[in-house]
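Each chain is listed here by its residues.
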Amino acid sequence: MNTAKSQRGGGRVITLQMWWWYAFCKFWVQVVMTVFFRLRTFGVEHTEVKGGALIVANHQSYLDPPAIGCRIKGKVNYLAQKGLFRFKPFGKLIATLDAIPLEKNGIGFEGIKETLKRLKNGERVLIFPEGERTREPNGAMMPFHKAVVTLALRSKVPIIPAAIAGAFEAWPRGQKLPNLIPDSRNALRVIFGEPIPYEQAASMTDDELNDCVKQRVQELYEQIRGRCMR
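Owing to the predicted nature of the structure, the values given are computational and were not obtained by experimental measurement.

**Q** Would you explain the pairing of strand β4 (residues 53–57) in this entry?
**A** Along any regular strand the residues' side chains alternate between the sheet's two faces. For β4, a buried count of 5 out of 5 residues is recorded, marking the element as mostly surrounded by other parts of the structure. Going residue by residue along β4, you find A53, I55 and A57 tucked away on one face and L54 and V56 tucked away on the opposite face as well. Judged from the 4 bridges that link them, β4 and strand β7 (residues 124–127) form a sheet pairing that is parallel. The residue of β7 that forms the bridge with L54 is V125.

**Q** Looking at this structure, how should I read the nonpolar core?
**A** The nonpolar side chains of a soluble globular protein tend to be buried, and buried together. In this structure, L54, V56, I159, L209, V213 and V217 are the most contacted members of the largest nonpolar core, which totals 29 residues. Every element with two or more residues in this core is listed here: β4, α5 (108–120), β7, α6 (147–155), β8 (159–165) and α9 (206–225). Top element by residues in this core is α9. It accounts for 7 residues. Excluding residues within four positions of it along the chain, V217 makes contact with V56, A57, N58, M141, F144, P161, A162 and A163.

**Q** Help me out: how do you make sense of the environment of P66 in this one?
**A** One can find P66 in helix α2 (residues 64–69). Overall, the relative accessible area of 24% leaves P66 in the partly exposed class. C-alpha separation for the pair P66 and V29, spaced 37 residues apart in sequence, amounts to 6.8 Å. P66 has contacts with V29 and M33, leaving out every residue within four places of it along the chain.

**Q** Honestly, the sheet that holds strand β9 (residues 189–192) in this entry has me stumped. Any pointers?
**A** One key point about sheets: their strands pair by backbone hydrogen bonds, in either a parallel or an antiparallel sense. Reading across the sheet, the 5 strands line up as β3-β9-β8-β4-β7 and stay open at both edges, with mixed pairing between neighbours. The open sheet terminates on both sides in strands that have one partner only, identified here as β3 (40–42) and β7. On average, each strand axis in the sheet is tilted by 20° relative to the strand beside it, whichever way the strands run. Taken strand by strand, α6 contacts β4, β7 and β8, and its axis lies near 160° from that of β4.

Parameters at a glance
Residues numbered from 1 in each chain as written. Predicted model: local features only at pLDDT ≥ 70, side-chain atom pairs only at ≥ 80, totals over all residues. Heavy atoms only, no water. Buried < 20%, exposed > 50% of the residue type's maximum accessible area, 1.4 Å probe, protein only. Helix = DSSP H or I, 4+ residues; strand = E, 2+ residues; numbered from the N terminus. Pairing = 2+ DSSP bridges. Core = buried A, V, L, I, M, F, W, Y, C linked by side-chain atoms within 4.5 Å. Contact = heavy atoms within 4.5 Å. Axes fitted to C-alpha atoms, helices over the stretch in contact; angles between N-to-C directions.

Laid out in structure tokens, this is it:
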């Protein structure tokens, strides 16, 4: 068996087996999302950028990371609260998928450090600036933490706005299990917008950039929300 390895910054090593395992899991996630949640994705070509990129999206439910990431070509880096790593076998699963641990109430120093390292390494990272699943009625967006967009500035990568709709209806906060019947209530829709180049982002203040990104995500969300009932 080929055991060739890919060396990444900071001593992080990704084996060929890890790449195959990631691809295997992504394939089955796509199957589940399509069959049980009628997932449709729009604008995925906007994620095909050279080098690293910070993918920024709204956060409605536990379904968001797999639903958003499963249709993107290649590997996407996810962030997961440290507490999730303590629940086995789920903790082992997300560890094998190379997830970035983060603090419960924020990314934390180590999470920021690792995220920056991967962005500078030319990798894509999916992040939710709301910091948690929405607490708003009907899945509406909460305020964004502006510290998130500074990651893109410090790593000099583009920001790719994205939005998901239908995930709140499929698995609302406080409900133990998702609704698995694929009807119009829990149809998932994901959309990716045009990237915000680093040069454009760098011309704004942190507040301006945060407002710009939130507005882009909000516009995408409004655009995609109507398609969930089709």
